[in-house]
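Chain residues, written in single-letter form:
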Amino acid sequence: MKHNIKNLTLAAMFLALGLVLPLMTGQIPRIGNMLLPMHIPVFLCGLICGWPYGAVIGLILPYLRYAIFGMPVLFPTGIAMSVELLTYGLVAGFLYNFSRWQCVVSLYRSLIAAMLAGRAVWGIAQLLLLGVTGSAFTWQMYLSGAFLTAIPGIVLQLILIPAIMIALNRTGLVRFRKGRPQKTEG
């Protein structure tokens, strides 16, 4: 019970961070698309709280931001972003939690796999959503949106998230683990 309350509290904090961090980009979509500020709390939530929490926070974050701030535009951006962030939280949390060892190497593996899966899901969502309206979603648009424009954000995530996890390990708040995954009691 205590573990669930801790994870709920942390997930709420990550949700709040996901709402506030994009304000640092000045609500300018071009800068937000480069730095990807909503991705960081979702990754951290999945890694620290577990994949169910990361997935739920990733799913609701764009909709809640839209309801409060009017951004991101819901169709198609917000919907595609929602499934992308859901995938980030789910894949990063799942792979990291079920890694034999939780260390920097497994952290990077989980992050990179989640980034690739999330971008693939985003591309499929964009293709489907834009296809409904009769708009085209080309391979060039996918590469630009998923990778080229996002390079600064990807680099930021690959530096910042492991740095935060290492700092949390050193302080004892979130420990790296060796051996088989621990079963948690509900």
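Residues numbered from 1 in each chain as written. Predicted model: local features only at pLDDT ≥ 70, side-chain atom pairs only at ≥ 80, totals over all residues. Heavy atoms only, no water.

Peer 1: Describe the packing of aromatic side chains, and please don't skip the residues or the numbers.
Peer 2: Scanning all chains against the criterion turns up six aromatic pairs. Pairing Trp51 with Phe94 gives two aromatic rings, centres 6.2 Å apart and planes at 70 degrees, and the pair type is edge-to-face. On the criterion of sequence distance, the pair formed by Trp51 in helix α4 (residues 51–69) and Phe94 in helix α5 (residues 74–97) is long-range, its members being 43 residues apart. The partly exposed category is assigned to Phe94, whose relative accessible area is 38%. (Phe/Tyr/Trp six-rings, centres within 6.5 Å; stacked < 30°, edge-to-face > 60°. Helix = DSSP H or I, 4+ residues; strand = E, 2+ residues; numbered from the N terminus. Buried < 20%, exposed > 50% of the residue type's maximum accessible area, 1.4 Å probe, protein only.)

Peer 1: Can you tell me about helix α8 (residues 151–171), naming the residues and giving the values?
Peer 2: Given a rise of 1.5 Å per residue, 21 residues ought to cover 30 Å, and the 30 Å separating the end C-alpha atoms of α8 matches this to within 8%. Buried within α8 we find Gly153, Ile154, Gln157, Ile161, Pro162, Met165, Leu168 and Asn169. The inward-facing, buried residues of α8 contact α2 (29–35), α3 (39–49), α5, α6 (104–133) and α7 (139–148). One or two steps after α8, the chain reaches Gly172, where phi turns positive at roughly 85 degrees. (Expected span 1.5 Å × (residues − 1). Contact = heavy atoms within 4.5 Å.)

Peer 1: If you had to explain the side chain of Asn7 to someone new, which residues and values would you point to?
Peer 2: Mapping Asn7 onto the fold places it in helix α1 (residues 2–20). Only 3.5 Å separates the side chain of Asn7 from the backbone oxygen of Cys49, close enough to count as a polar contact. Ignoring anything within four residues of it in the chain, the contact list for Asn7 reads Ile48, Cys49 and Tyr53. (Polar contact = N/O pair within 3.5 Å; in protein donor to acceptor, adjacent residues only side chain to side chain.)

Peer 1: With reference to specific residues and values, describe the environment of Trp101.
Peer 2: Mapped onto the elements, Trp101 comes out in the loop between α5 and α6. Linking Trp101 and Phe176, residues 75 residues apart in sequence, is a C-alpha distance of 7.6 Å.

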